[in-house]
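Residue-level structure breakdown
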Amino acid sequence: MTPSSPFDYAPAPESRAVVDIKATYGLFVGGEFVDGHGTPFATVDPATEEVLAEVAEASDADVDAAVKAARKAHERVWGRMPGRERAKYLYRIARIIQERSRELAVLETIDNGKPIKESRDVDVPTVAAHFFYYAGWADKLEHAGYGTTPLGVAGQVIPWNFPLLMLAWKVAPALACGNTVVLKPAETTPLTALLFAEICQQADLPAGVVNIVTGAGATGQALVAHPGVDKVAFTGSTAVGKAIARTVAGTSKKVTLELGGKAANIVFDDAPVDQAVEGIVTGIFFNQGHVCCAGSRLLVQESIAEEVLDRLRERMSTLRLGDPLDKNTDIGAINSAAQLARIRELADVGEQEVSGERWSPACELPERGFWFPPTVFTGVTQAHRIAREEIFGPVLSVLTFRTPSEAVEKANNTPFGLSAGIWSEKGSRILEIASRLRAGVVWANTFNKFDPTSPFGGYQESGYGREGGRHGLAAYLEGGQR
């Protein structure tokens, strides 16, 4: 895609040379990298389909060794350490993340496919901010209201859409509260988690406090089901979340689940249209739509629908799809062939179902890699699959409404309940509508804004529990809510 102006952008590629990708990676257990006993797998660059590295798969025995290492570290060192001392390690990790931010951003982009400007300007700075924030809590837990007793060993399973950020969301509060961790990254994006293991070594974090086991679903299942795990934290699909809930049912394990979403982005007739259009683009096309809280359902008031869609078309014509390492790129690569197939399937279903039109900016997709253009469907109704199912890609469904009550009914007509957005110049309308929306996070005149001091989580099939803020401590302390 090229801008609708007489100017063009010269390529501005970030150098791959800033990161040293090893040919093979092992597991990180007990403070050391060790061989796995499963079948190694490849992680690939989704923009080129190039094999980046061979990664060890953790067997059940490897998971057991990691949990035992975490238990030993918790009982002998970390669980006994005063909060002020734990804070020093968290601060040290945060500073190293800042020092190695360029390396982390490039590696995240190569392994995930997201644009470098998102990894550089959003993901990595927010990762460091989470470690700084929870370092501040480590010696103040008695003021949080959940007690000061850690749970023990936390088994954490994270997704591929924000690999390093999801790691920070889970690891930072767990360590601040005195827990130790066994973390399993997604099989398609393990590299920044393994680089984080190196950062733990660089920070002299005691052995076994953080352990990282790589693999696919079976590895995650072994971790979740392990009897030595006291707490399970998962971010991912609703289907897997339900399976985890069934696995831990009847045990004493505490669980937090952050699952799928189908967020409504509601634009009223008094909204600042240019600002709203920018928020619509950010809401659905940020990170190629690989966002659980993406504003994938645009609800626009009927009287301004034509104007909003015209402005949206114009804005989308300026989006640039291509090399994720190019600093000009807005839309990167889809993370995997499997995810691309899922997006294509639902987009094709949408084309058959809707009475409106399907449109994307004119662009030429690269020959290699996994790519899907930003796509908008108009004429969508609540009955259509693309309005009900999470596509997890750059696909926007447009619905209209006439009254605020109709907007609320349509927004809430979903099994999910993770997020929503409201665009209006009237503060009273924003507050009134927000109070009626069944969503864990509601943004007003903005979208996809995150801060470590603010809790995040959902209702219904979007999961339960909160991550971030003071509320994020509850999941890792004996006095927490769950």
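The structure presented is a predicted model; accordingly, all values stated were derived computationally and were not measured.

Quick look at the overall build of the protein now. Looking only at helices and strands, the protein has 14 helices and 18 strands in total. The C-alpha radius of gyration computed for the protein amounts to 22 Å, which stays within 12% of the reference 23 Å derived for 482 residues, consistent with globular compactness. Each principal axis of the C-alpha distribution contributes one length, and for the protein these read about 65 × 45 × 35 Å. Within the protein, contacts between residues separated by at least 24 positions form 76% of all contacts whose residues are at least 6 apart in sequence.

Pairing between side chains of opposite charge can happen when their charged atoms approach one another. Taken as a whole, this structure holds 30 salt bridges when the rule is applied. Notably, a salt bridge pairs R102 with E14, separated by 2.6 Å at the nearest N-O pair. Taken as a pair, R102 in helix α3 (residues 101–112) and E14 in the segment before β1 (24–25) lie far apart in primary sequence, 88 residues in all. E14 sits in the buried class, given a relative accessible area of 10%. A salt bridge links K426 to D270; the shortest N-O distance between them is 3.1 Å. Taken together, the positions of K426 in the loop between β16 (419–423) and α14 (427–436) and D270 in the loop between β11 (264–267) and α9 (273–285) put the pair 156 residues apart, joining distant regions of the chain. Sharing partners across several salt bridges, the network here consists of K22, R100, E103 and E198.

Bringing the sheet that holds strand β4 (residues 41–45) into the picture now. Spatial strand order, β1-β5-β4: three strands in an open sheet with mixed pairing. One side of each edge strand has no neighbouring strand; the edge strands of this open sheet are β1 and β4. In this sheet, strand β5 (residues 50–55) lies alongside β4 in antiparallel orientation, the contact comprising five bridges. In the strand pairing of β5, A42 is matched with E54. Most of the contacts of α3 go to β4, to which it runs at about 105°, and overall it touches β4 and β5. With respect to the sheet, helix α6 (residues 191–202) is in contact with β1, β4 and β5, its orientation differing from that of β5 by roughly 50°.

Before going further, it helps to examine the layout of surface pockets. The volume enclosed by the largest pocket comes to roughly 930 Å³. Taken together, 38 residues line the largest pocket, and the ones lying closest to its centre are W160, F234, G236, S237 and V240. Elements with a minimum of two residues in the lining of the largest pocket: α7 (217–225), β9 (231–235), α8 (238–248) and α11 (337–353). Of the residues forming the lining of the largest pocket, the biggest block, six residues, is contributed by α8. Considered class by class, the residues forming the lining of the largest pocket number 19 nonpolar, 13 polar and six charged. Its boundaries defined by the atoms lining it, the second largest pocket holds a volume of some 500 Å³. Lining of the second largest pocket is provided by 23 residues; of these, E118, V122, T282, F286 and K449 occupy positions nearest its centre.

The next subject is the packing of helix α4 (residues 116–137) against helix α5 (residues 163–176). Their axes nearest at 9 Å, the elements α4 and α5 cross at an angle of 5°. Comparing their axes, α5 and α4 come out roughly parallel. Here α4 contributes D123, V124, T126, V127, H130, F131 and Y134 to the contact with α5, which in turn contributes L164, L165, L167, A168, W169, V171, A172, P173 and A176. Partitioned by chemical class, the residues of the contact of α4 with α5 number 13 nonpolar, two polar and one charged.

The next thing to look at is the pairing of strand β10 (residues 254–258). Counted residue by residue, β10 has five buried out of five residues, so it is predominantly covered. Bridge count between β9 and β10: five bridges; the pairing is parallel. In the strand pairing of β10, K231 is matched with K254. Between β9 and its parallel partner β10, the chain crosses via α8, and the hand of that crossover is right-handed. Note that β10 and strand β18 (residues 463–464) share two bridges and pair antiparallel. Considered in β18, the bridge of L257 is made with Y464.

Scoring rules and cut-offs
Residues numbered from 1 in each chain as written. Predicted model: local features only at pLDDT ≥ 70, side-chain atom pairs only at ≥ 80, totals over all residues. Heavy atoms only, no water. Helix = DSSP H or I, 4+ residues; strand = E, 2+ residues; numbered from the N terminus. Rg over C-alpha atoms; globule rule 2.2 N^0.38 Å. Contact = heavy atoms within 4.5 Å. Salt bridge = Lys/Arg side-chain N within 4 Å of Asp/Glu carboxyl O. Buried < 20%, exposed > 50% of the residue type's maximum accessible area, 1.4 Å probe, protein only. Pairing = 2+ DSSP bridges. Axes fitted to C-alpha atoms, helices over the stretch in contact; angles between N-to-C directions. 1 Å grid on protein atoms, 1.4 Å probe; cavity = no way out; pocket = protein on both sides within 12 Å on 5 of 7 lines; lining within 4 Å. Points joined across faces, edges and corners; volume = space filled by probe spheres on them. Nonpolar A, V, L, I, M, F, W, Y, C, P; charged D, E, K, R; others polar. Parallel < 35°, antiparallel > 145°, perpendicular 65-115°, else oblique. Right-handed = clockwise from strand over helix to strand, strands pointing away.

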